[in-house]
Amino acid sequence: MTATLYAIPASHPCAAAERALQLKSIPYRRVELLPVMAKAVQRARFGGSTVPGLILDGEKVLGSRPIMRALERRAPEPPLLPAGADERKAVELAEEWGDEVLQPLGRRLIWAALKRHPSAVASYSEGARLPVPASVARLSAPGVALAAAYFSDATAANVRADLANLGFHLDRVERWIEQGALGGEHPNAADLQIASGLRLALTIGDVAPLIDGRPAGELARRWFPQYPGHTPAGTLPAAWLPGS
C-alpha cells in the first residue's frame, strides 16, 4: 500500500489524518503545502481547496473525515469506529461536530493570533520541509497570516464569539468523554478530529489557560502530546478573553 499525504504544517485536520495513518501502520510520504497557496494546489490536484489530501494506491481522497473512512476500508485494524451501531453513531456525531464546528473555530483562533503576531508563524512549521526557503517563509508570514485570517473569516466579532462560547464547547466535549464516545483506551475517529483541534488551540498562549486543567485539555495532550508552534500570551486583546 502506498500513500502520499498533502498537508499544511500544524494544520489540525492534517494532524488528525496523519495520526490515523500512523495508527493504521500505513507507510506514507508527507508533502508540505503553504497556507493560502495550498488552495490552488489542492484544487488542481484533488478538485477541492481544502487540506488534507491523500493519494492512497492511486485513489484521491480530500478531507480528514473521508480520509479516515478510506483508511478504515483499506486497513480495518485498529478500528477508528466502534462495531456497535449505537456506539458508532455517537462517535460519528462527535466526529462531525469536530469537523464542522471545532475545526473552523480553531482555524479562526490561530489565524487571528498569528495575524497579530506574525513572527510566531515560523514556529508552526518547525521540522517541516517547506517548498520555499525558510527566509522566504519568514518574509511572507505577515501577508500569509493576513490572507489566511481573511479566508478563515477570523474577524474580531467572530473570534470574540468563539472565545465567549469556548467553555460551552469544552463542556460538550467533556460530556462525550463521560459517555464514552471520546477518551477510550484507543483513539477513535472523533478523538483524532476533536483532540487535534483542541491541541492547536493549546499552542495559543491566551487560549491555553482556558483549556488546560480540564478533561478536554487532557484529551488533546493525550492523543497529541507533541504539536508544533507557540503564540505568546498577550497576543489577543485582553477584552476578547472570557472574564475580562
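The structure under discussion appears in the preceding block.
Rules used throughout
- Residues numbered from 1 in each chain as written.
- Predicted model: local features only at pLDDT ≥ 70, side-chain atom pairs only at ≥ 80, totals over all residues.
- Heavy atoms only, no water.
- Phe/Tyr/Trp six-rings, centres within 6.5 Å; stacked < 30°, edge-to-face > 60°.
- Helix = DSSP H or I, 4+ residues; strand = E, 2+ residues; numbered from the N terminus.
- Buried < 20%, exposed > 50% of the residue type's maximum accessible area, 1.4 Å probe, protein only.
- Lys NZ or Arg CZ within 6 Å of the ring centre and 35° of its normal.
- Polar contact = N/O pair within 3.5 Å; in protein donor to acceptor, adjacent residues only side chain to side chain.
- Contact = heavy atoms within 4.5 Å.
- Pairing = 2+ DSSP bridges.
- Salt bridge = Lys/Arg side-chain N within 4 Å of Asp/Glu carboxyl O.
- Expected span 1.5 Å × (residues − 1).
- Bend = angle between axes of the 7 residues up to and from the residue.

**Concerning the packing of aromatic side chains**
Working step 1: Per the counting criterion, the structure on display carries three aromatic pairs.
Working step 2: Aromatic pair Trp97 and Trp176: ring centres 5.5 Å apart, planes at 65°, arrangement edge-to-face. Separated by 79 residues along the polypeptide, Trp97 in helix H4 (residues 85-116) and Trp176 in helix H6 (residues 156-179) bring together distant segments of the chain.
Working step 3: For Trp97, a relative accessible area of 9% translates into the label buried.
Working step 4: Taking relative accessible area as the criterion, Trp176 reaches 8% and is therefore assigned buried.
Working step 5: Aromatic pair Tyr150 and Phe151: ring centres 5.5 Å apart, planes at 70°, arrangement edge-to-face.
Working step 6: A relative accessible area of 64% places Tyr150 in the exposed class.
Working step 7: Taking the ring centre of Phe151 as reference, the NZ or CZ of Lys39 above it sits at 5.4 Å.

**A short note on the side chain of Glu95**
Working step 1: By secondary structure assignment, the location of Glu95 is in helix H4.
Working step 2: Polar side-chain contacts of Glu95 include one of 2.4 Å to the side chain of Arg69.
Working step 3: Glu95 has contacts with Arg65, Met68, Arg69, Ala189, Ala190 and Gln193, leaving out every residue within four places of it along the chain.

**Examining unusual backbone geometry**
Working step 1: At the junction of Val51 and Pro52, the peptide bond is cis and its omega measures out at 0° in the coordinates.
Working step 2: With an omega dihedral of -10°, the bond running from Glu77 to Pro78 counts as a cis peptide bond.
Working step 3: Locating Pro78 in the fold gives a position in the loop between helix H3 (64-74) and H4.
Working step 4: The residue Ala10 is not glycine, and still its phi comes out positive at about 70°.
Working step 5: Turning to its location among the elements, Ala10 is positioned in the loop between strand E1 (3-7) and helix H1 (12-23).
Working step 6: Its identity is not glycine, yet Ser25 carries a phi of approximately 55°, on the positive side.
Working step 7: Within the secondary structure layout, Ser25 lies in the loop between H1 and strand E2 (29-32).

**Describing the pairing of strand E3 (residues 53-56)**
Working step 1: In the sheet, E1 pairs with E3 via four bridges, with the strands oriented antiparallel. Along E3, the bridge assignment pairs Tyr6 with Gly53.
Working step 2: In terms of strand pairing, E3 meets strand E4 (residues 59-62) through four bridges, oriented antiparallel. Its bridge partner being in E4, Ile55 is matched across the sheet by Lys60.
Working step 3: Turn length for the E3-E4 hairpin, with the two strands adjacent in sequence and antiparallel, is two residues, and the turn residue Asp57 shows positive phi of about 50°.

**A short note on the pattern of salt bridges**
Working step 1: Applying the stated rule across the entire model yields 15 salt bridges.
Working step 2: Linking Asp99 and Arg65 is a salt bridge whose minimum nitrogen-to-oxygen distance equals 3.1 Å. Within this pair, whereas Asp99 is found in helix H4, its partner Arg65 is found in helix H3, the two being separated by 34 residues in sequence.
Working step 3: A residue is classified by how much of its surface remains accessible, and Arg65, at 22% relative accessible area, is partly exposed.
Working step 4: In this structure, a network of salt bridges that share partners links the residues Asp57, Glu59, Arg73 and Arg74.

**Some details on H6**
Working step 1: Counted at 1.5 Å a residue, the expected span for H6 with its 24 residues is 34 Å, and the 35 Å between its end C-alpha atoms agrees.
Working step 2: Taking the largest bend as the criterion, H6 deviates by roughly 45°, centred on Asn165.
Working step 3: Those residues of H6 that fall on the buried side of the exposure criterion are Val159, Asp162, Leu163, Leu166, His169, Leu170, Val173, Glu174 and Trp176.
Working step 4: In this fold, the buried residues of H6 make contact with H4, helix H7 (189-201), helix H8 (208-211) and helix H9 (215-223).

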